[in-house]
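So the chains spell out like this:
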Amino acid sequence: MNYFQHFITGNGPQIQLILFIGLFFISWNIENIAGVIFNYEKWKHGFLNMPFIFTNIPGQLLLGLAFVKTIEWTTQYQFGFLHYLPFNKNSLLLFAITFIFLDFGEYIYHVIMHKVKRLWMFHVVHHSDNVVDVSTTLREHPGENFIRLSFTLFWVFISGAAFWILILRQIIQAFTTLFAHMNYRLPEKTDSIIGLFFITPNLHQVHHHYKQPYTDCNYGDVLSIWDRLFGTFKKLPADELVFGVDTYMQKKDNSNFIALFKIPFGKYRSKS
């Protein structure tokens, strides 16, 4: 276990990048074979979302350094509630508790992004996609990327999460995020079982439905339990799904990168 922890700690960013590229490629091709939506220009759609990779790099580098310094400090001073748990020497239990706590933190962050008007303007860039496929995972405004990572940094600070656990969780999160956004649906019986515990494409597609109350449901990141606990869990038949946001359905709002980038700095449009 110690070797595994050191390996993850020392090679985390490289592992994340390689796995993300590989999983993205696999997901892209699964969509080509078993996707549920084919009547759109997939490559054009992908290239529309791709520039967000590059606009997010500066914030990720800056906050990546902040994560390293924060974890060094919390480790040195044994700061954070995880250091005081009676089983904090048990790596598997510590990973499970940290994972659950950070996942709950992602749920809180996601709800806040929907409920605070100016933050919603950043998040709506992601929601305005009229087709949800694996490239939608890339469609995150750099402002939101910075906010999201800042929230995670705060959760890491107050918990004292270990670096190797954070990296391993992010690797798992990359897989589940790509999976949840795939242009694909699980068979209903399979989804009813997996969806008891995890966010599936079937559940996350409901979150991307263009109208309330579905826009404000299924906030979960990896685990679906939070939505069930806090009453934000909903289902919607596949044939009733319409992707996007009703206030940004016009082509001029979401058909080019510049227009998308400017959305958070424009006038707030209330969700109907």
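About the criteria used
- Residues numbered from 1 in each chain as written.
- Predicted model: local features only at pLDDT ≥ 70, side-chain atom pairs only at ≥ 80, totals over all residues.
- Heavy atoms only, no water.
- Helix = DSSP H or I, 4+ residues; strand = E, 2+ residues; numbered from the N terminus.
- Rg over C-alpha atoms; globule rule 2.2 N^0.38 Å.
- Contact = heavy atoms within 4.5 Å.
- Areas by Shrake-Rupley, 256 points an atom, 1.4 Å probe, with all protein chains shown as cover.
- Lys, Arg positive; Asp, Glu negative; His and termini not counted.
- Charge placed at Lys NZ, Arg CZ, Asp CG, Glu CD.
- Salt bridge = Lys/Arg side-chain N within 4 Å of Asp/Glu carboxyl O.
- Buried < 20%, exposed > 50% of the residue type's maximum accessible area, 1.4 Å probe, protein only.
- Phe/Tyr/Trp six-rings, centres within 6.5 Å; stacked < 30°, edge-to-face > 60°.
- Patch = residues over 30% accessible without salt bridge, like charges linked within 9 Å, V, L, I, M, F, W, Y side chains within 5 Å.
- Core = buried A, V, L, I, M, F, W, Y, C linked by side-chain atoms within 4.5 Å.
- Axes fitted to C-alpha atoms, helices over the stretch in contact; angles between N-to-C directions.
- Parallel < 35°, antiparallel > 145°, perpendicular 65-115°, else oblique.
- Nonpolar A, V, L, I, M, F, W, Y, C, P; charged D, E, K, R; others polar.
- Polar contact = N/O pair within 3.5 Å; in protein donor to acceptor, adjacent residues only side chain to side chain.

Trainee: What should I look at first to understand the overall build of the protein chain in this one?
Mentor: Each helix and strand counted, the protein chain has 13 helices and zero strands in total. When the elements of the protein chain are put in sequence order from the N terminus, they spell out α-α-α-α-α-α-α-α-α-α-α-α-α. The C-alpha atoms of the protein chain give 19 Å as radius of gyration, which agrees with the globular expectation for 272 residues (19 Å, within 12%). Seen along its three principal axes, the alpha-carbon backbone of the protein chain occupies a region of about 50 × 45 × 35 Å. For the protein chain, the share of sequence-separated contacts (at least 6 apart) that also reach a separation of at least 24 residues comes to 73%. Carbon and sulfur atoms provide 70% of the accessible area of the protein chain, an area that totals close to 13600 Å². Here the protein chain holds 22 positive side-chain charges and 18 negative ones, and the gap between their average locations is 5 Å.

Trainee: How do you make sense of the pattern of salt bridges when you look at a structure like this?
Mentor: When the charged atoms of two side chains with opposite charge come close together, those side chains can pair. The tally for this structure, following the rule as stated, stands at eight salt bridges. With its nearest N and O atoms 2.7 Å apart, the salt bridge here joins Glu31 to Lys42. In this pair, Glu31 sits in helix 1 (residues 2-34) while Lys42 sits in helix 2 (residues 42-49), placing the two residues eleven residues apart along the sequence. With a closest N to O distance of 3.4 Å, Arg185 and Glu188 form a salt bridge. Given a relative accessible area of 16%, Arg185 falls into the buried group.

Trainee: Help me understand the packing of aromatic side chains in this model?
Mentor: The description of an aromatic ring pair rests on the distance of the ring centres and on the angle between the ring planes. Applying the stated rule across the entire model yields 26 aromatic pairs. On the basis of an interplanar angle of 65° and a centroid distance of 4.9 Å, the ring pair of Phe52 and Phe257 is categorised as edge-to-face. Of this pair, Phe52 sits in helix 3 (residues 51-55) while Phe257 sits in helix 13 (residues 257-262), and the two are 205 residues apart along the sequence. Members of the aromatic cluster, each reached through a chain of ring pairs, are Phe81, Phe101, Tyr109, Phe151, Phe154 and Trp155.

Trainee: Help me out: how do you make sense of the environment of Leu23 in this one?
Mentor: Tracing the backbone shows Leu23 in helix 1. For the pair Leu23 and Leu178, spaced 155 residues apart in the sequence, the C-alpha separation amounts to 7.6 Å. Those residues within four positions of Leu23 in sequence are excluded, and the remaining contacts are Phe175 and Leu178.

Trainee: I keep staring at a nonpolar patch on the surface and nothing clicks. Help me out?
Mentor: Taken together, the side chains of Trp43, Phe47, Met50, Ile53, Phe54, Ile57 and Leu61 define a hydrophobic patch exposed on the protein surface, amounting to about 740 Å² of accessible area. For the nonpolar patch, the secondary-structure elements that each account for two or more residues are helix 2, helix 3 and helix 4 (57-76). Within the secondary structure, Ile53 sits in helix 3. By relative accessible area, which is 35% here, Ile53 ends up partly exposed.

Trainee: Would you mind going over the nonpolar core with me for this structure?
Mentor: Soluble globular proteins tend to pack their nonpolar side chains together in the buried interior. Within the largest apolar cluster, 23 residues are counted, with the highest numbers of intra-cluster contacts made by Phe67, Phe95, Leu102, Val156 and Leu166. Per element, the largest residue contribution to this core is six residues, and it comes from helix 5 (residues 91-115). Every residue in contact with Phe95, bar those within four places of it in the chain, is listed here: Trp164, Ile165, Leu168, Arg169 and Ile172. Counting residues in hydrophobic clusters, the runner-up holds eleven residues, among them Leu48, Trp120, Phe257 and Ile263.

Trainee: Teacher, can you tell me more about the packing of helix 5 against helix 6 (residues 117-127) here?
Mentor: Relative orientation and spacing of two packed helices are given, respectively, by the angle between their axes and the distance between those axes. Across the interface, helix 5 lies against helix 6 with an axial gap of 6 Å and an inter-helix angle of 105°. The pairing of helix 5 with helix 6 is recorded here as roughly perpendicular in orientation. For the pair helix 5 and helix 6, the contacting residues are His110, Ile112, Met113, His114 and Lys115 in the first and Lys117, Leu119, Trp120, Phe122, His123 and His127 in the second. The residue inventory of the contact of helix 5 with helix 6, partitioned by class, reads five nonpolar, four polar and two charged.

Trainee: Got a minute to help me understand the side chain of Thr74 in this structure?
Mentor: Looking at the element boundaries, Thr74 is found in helix 4. A polar contact is formed between the side chain of Thr74 and the backbone oxygen of Ile71, at a distance of 3.1 Å. Each residue touching Thr74, except ones within four places of it in the same chain, is listed here: Phe79, His83, Phe157 and Gly160.

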